[in-house]
Amino acid sequence: MFFRTFAVVLIVNRKIKVLIYMINLVLFGPPGSGKGTQAEKLVEAYDLLHISTGDLFRFNMKNDTPLGQEAKRYITKGELVPDSVTINMLKARVEETPDVKGYIFDGFPRNINQSEHLDKILAERGGQVDGLLMLDVEEKEIVARILNRGKTSGRADDNDEEIIRNRFQVYQNETSPVFDYYDKQEKSHKIDGIGSIDDIFARLSDVIDSL
Ligand code: AMP
């Protein structure tokens, strides 16, 4: 599997500088489209760091931190946690991990403001979003999948059909413009999110290998 990670060695003011080019991917799509499942496989195949804002919130809720308590007020209703909280949390996580080859962002960015901040955070490290991969799954399938996941996930927001439909609505209204935002930069790719885990992984890999 070919993968683009390379370094450039420069001599600046008689000092050797090595610039490592990162590859940063946004795994995108409605809740329940398979982002978490595919992220696990992609991390292994491409040696990237997976950052899921949903997982970070759930970790904080489990440990009952002030951030977790704040996030819970929104997550239980299927609404977005305010940008002020989410962006700072994401930025801190990126800053904690200076030596990675790149990131798979999962569940972030979820609106245009978050996209602009992500671009800035990566630019500060000489990086950018290299590709947005959108798993395309329709609402009916999403609701069925999440209700099924809810039987074992222990997530309150996976167990109530009204909350699930609200999450899908929030995705359509606030999050789907992120696809167009990166499409204008010719970075967005739509992938059929129906099929076996391995088939979908193969579709994602084909796109990543062509970036
Ligand atoms: P997820 O696990 O990605 O489905 O996220 C679960 C919940 O966490 C979402 O329904 C939101 O309430 C919240 N959340 C996760 N990521 C974000 C984000 N980037 N911006 C705002 N809220 C988020």
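What you see is a predicted model; the values in this text were computed from it and never measured.

(A) Just the overall build of the protein chain, in detail. Looking only at helices and strands, the protein chain features nine helices and seven strands. Relative to the 2.2 N^0.38 estimate, which gives 17 Å for 211 residues, the radius of gyration of the protein chain is 18 Å and therefore close to what a compact globule would have. In terms of overall dimensions, the protein chain has a C-alpha envelope of 60 × 40 × 30 Å along the principal axes. For the protein chain, the residues scored as buried account for 44% of the 211 residues in total. Contacts in the protein chain between residues far apart in sequence, at least 24 positions, make up 70% of those at least 6 positions apart. Within the structure as shown, the protein chain displays about 11,400 Å² of accessible surface, and the carbon and sulfur contribution to it stands at 50%. Distance between charge centres in the protein chain, computed from 28 positive and 34 negative side chains, equals 4 Å.

(B) The arrangement of helix α5 (residues 112-123) in detail. With 12 residues, α5 extends 16 Å from end C-alpha to end C-alpha; this agrees with the ideal 16 Å at 1.5 Å per step. Three or more residues of α5 are buried, namely Gln114, Ser115, Leu118, Ile121 and Leu122. Each buried residue of α5 lies within a common arc of 125° when the element is viewed along its axis, so the set occupies one face. Two or three places before Asn113, at the start of α5, stands the capping residue Asn111, its side-chain oxygen 3.3 Å from that residue's backbone nitrogen.

(C) Local environment of the pattern of salt bridges. With the rule as written, the count across this model stands at 15 salt bridges. For Glu70, the salt bridge identified is with Arg73, shortest N-O distance 2.9 Å. Highlighted residues: Glu70 and Arg73, both in helix α3 (residues 66-75), separated by three residues, approximately one helical turn. Glu70 sits in the partly exposed class, given a relative accessible area of 27%.

(D) Highlighting the site of the ligand. The environment of the ligand is made up of 15 residues, and the closest members are Thr53, Arg58, Glu79, Gly107 and Arg110. Take Glu79: an N or O atom from its main chain is 2.6 Å from an oxygen atom of the ligand. Arg110 places a side-chain nitrogen or oxygen 2.9 Å from a nitrogen atom of the ligand. A total of 480 Å² of accessible area belongs to the ligand in isolation, and the protein chains cover 95% of it. A majority-of-atoms criterion places the ligand in the largest pocket. With four residues, helix α2 (residues 53-62) is the single largest residue contributor to the shell around the ligand.

What counts, and where the lines are drawn
Residues numbered from 1 in each chain as written. Predicted model: local features only at pLDDT ≥ 70, side-chain atom pairs only at ≥ 80, totals over all residues. Heavy atoms only, no water. Helix = DSSP H or I, 4+ residues; strand = E, 2+ residues; numbered from the N terminus. Rg over C-alpha atoms; globule rule 2.2 N^0.38 Å. Buried < 20%, exposed > 50% of the residue type's maximum accessible area, 1.4 Å probe, protein only. Contact = heavy atoms within 4.5 Å. Areas by Shrake-Rupley, 256 points an atom, 1.4 Å probe, with all protein chains shown as cover. Lys, Arg positive; Asp, Glu negative; His and termini not counted. Charge placed at Lys NZ, Arg CZ, Asp CG, Glu CD. Expected span 1.5 Å × (residues − 1). Arc of directions from axis to C-beta. Polar contact = N/O pair within 3.5 Å; in protein donor to acceptor, adjacent residues only side chain to side chain. Salt bridge = Lys/Arg side-chain N within 4 Å of Asp/Glu carboxyl O. Near = heavy atom within 4 Å. 1 Å grid on protein atoms, 1.4 Å probe; cavity = no way out; pocket = protein on both sides within 12 Å on 5 of 7 lines; lining within 4 Å. Sits in = over half its atoms within 2 Å of the grid points.

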